[in-house]
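# Understanding the architecture of this molecule
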Amino acid sequence: RAPSHPPQWLYFSEVLGDSSHSFGWRIEAGCGFNLVNCWASGCVGGCGVVILPAVDTVALIGCFIMGNAQDGVRLMGGNAQSHLRVEGCTIIGNSSDKSANGAFSGIAIGAGSGGFVVTGNMIYCGPPLQGTGSADWGISIAAGSSDDFIVSGNLLRPNAKGGVRDESSEAKGKVLAMNVA
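Because the structure is predicted, anything quoted here is derived from the model rather than measured. (Residues numbered from 1 in each chain as written. Predicted model: local features only at pLDDT ≥ 70, side-chain atom pairs only at ≥ 80, totals over all residues. Heavy atoms only, no water.)

## Some remarks on the nonpolar core
Keep this limit in mind: The set of buried Ala, Val, Leu, Ile, Met, Phe, Trp, Tyr and Cys residues whose side-chain atoms join them within 4.5 Å is what this entry labels a nonpolar core. Buried, partly exposed and exposed residues are distinguished by accessible area as a fraction of the type maximum, computed with a 1.4 Å probe on protein chains only: under 20%, between the cut-offs, and over 50%, respectively. The secondary structure listing takes helices from DSSP runs of H or I that are at least 4 residues long and strands from runs of E that are at least 2 residues long, numbered from the N terminus. When checking whether two residues touch, look at their non-hydrogen atoms; a contact exists if any pair is within 4.5 Å.
In terms of nonpolar packing, the biggest core is built from 29 residues, with Leu60, Ile107 and Phe116 touching the most fellow members. Counting residues per element, this core draws most heavily on strand β7 (residues 55-61), at three residues. Once residues within four sequence positions are removed from consideration, Leu60 is found in contact with Leu35, Val49, Val73, Arg85, Val86, Glu87 and Cys89.

## Things to note about the sheet that holds strand β16 (residues 147-152)
Selection rule: Two strands pair under a simple rule: DSSP has to find at least two bridges between them. Here, axes are lines fitted to C-alpha atoms. For helices the fit covers the stretch in contact, and angles between N-to-C directions go from 0 to 180 degrees.
With parallel pairing, seven strands are arranged side by side in an open sheet as β1-β4-β7-β10-β13-β16-β18. Strands with a single pairing partner mark the edges of an open sheet, and in this sheet they are β1 (8-13) and β18 (174-177). Across this sheet, the average inter-strand angle for adjacent strands is 10°, counted without regard to direction. In this structure, β7 lies alongside strand β10 (residues 84-87), joined through four bridges in parallel fashion. Bridging across to β10, Ile61 finds its partner in Glu87.

## Overview of a nonpolar patch on the surface
Stated precisely, the cut-off is as follows: Like-charged residues within 9 Å of one another, or nonpolar side chains (Val, Leu, Ile, Met, Phe, Trp, Tyr) within 5 Å, are grouped into patches, provided each residue has over 30% relative accessible area and no salt bridge. What sets the accessible areas is the Shrake-Rupley method with a 1.4 Å probe; for residues, cover comes only from the shown protein chains. Any Lys or Arg side-chain nitrogen located within 4 Å of an Asp or Glu carboxyl oxygen qualifies as a salt bridge.
Together, Met122, Leu155 and Val180 line one region of the surface with nonpolar side chains, adding up to about 210 Å² of accessible area. Mapped onto the elements of the fold, Val180 is located in the segment after β18. On the basis of relative accessible area, Val180 is assigned to the partly exposed category, the value being 37%.

## Here we look at the packing of aromatic side chains
Short version of the rule: Between rings of Phe, Tyr and Trp, where Trp is taken as its six-membered ring, a pair exists when centres lie within 6.5 Å; planes separated by under 30 degrees are stacked, by over 60 edge-to-face, and by other angles tilted.
Scanning the model with the defined rule gives three aromatic pairs in all. Between the aromatic rings of Phe12 and Trp25, the centroid separation amounts to 5.2 Å while the plane-to-plane angle is 70°, which identifies the pairing as edge-to-face. With Phe12 in strand β1 and Trp25 in strand β3 (residues 25-27), this residue pair connects regions lying 13 residues apart in the sequence. Given a relative accessible area of 12%, Trp25 falls into the buried group.

## Looking at the environment of Leu156
One can find Leu156 in the loop between β16 and β17 (162-168). A residue is classified by how much of its surface remains accessible, and Leu156, at 1% relative accessible area, is buried. In this structure, the C-alpha to C-alpha distance between Leu156 and Tyr124, residues 32 residues apart in sequence, is 5.6 Å. Not counting residues within four places of it along the chain, the set of residues in contact with Leu156 comprises Ile123, Gly138, Ile139, Gly162, Gly163, Val164, Asn179, Val180 and Ala181.

## Remarks on the sheet that holds strand β8 (residues 64-66)
The five strands are arranged β2-β5-β8-β11-β14 in an open sheet whose pairing can be described as parallel. Both edges of this open sheet fall to β2 (16-18) and β14 (122-124), since each of them pairs with a single strand only. Taken pair by pair, the neighbouring strands of this sheet meet at an average axis angle of 0°, ignoring direction. Where strand β11 (residues 90-92) meets β14, three bridges bridge the pair, whose relative direction is parallel. When the bridges of β14 are listed, Ile92 appears paired with Tyr124.

Below, the structure written as structure tokens:
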């Protein structure tokens with residue numbers, strides 16, 4: 001349940017979300033979160049960054065997201081206009097839980113999400129903090145009605161299964177272009 005007065009327009013610069021037993025950053029409600037040059041690493045039971053559907057407008061710029069047990073960044077589905085921007089981040093060695101190795105992605109976009117931009121990132125298997133860190137996909141967009149998004153200009157190799165998995169329905173409001181996989 002969302003708070004009666006959710007937080008708005010928060011700016012974080014060079015803040016660490018490190019070595020958690022769950023998530024590095026869990027954004028549950030509110031609007032206007034800006035994480036610039038922040039860190040989300042070594043989360044042994046979850047994602048580096050998880051964004052729930054009650055959140056609008058999140059920018060991850062120049063962040064370092066590494067060695068998390070599950071996805072590096074997970075946008076939960078159900079928000080048709082999430083206004084998520086992931087730009088210039090280094091997202092490496094995620095899906096590091098040995099029991100689920102390769103089951104999670106660098107960035108996972110849930111079904112029914114929209115209004116997001118993922119550009120200029122390096123997302124690949126790399127030196128994890130624990131486990132073997134072999135993400136299945138660099139970017140995974142779940143099946144469903146996701147629309148109004150741009151995924152371009154990302155370096156997405158190597159990853160266990162490939163660069164981008166787009167299972168969203170065909171829509172005229174999406175751009176998948178110029179990714180290196």
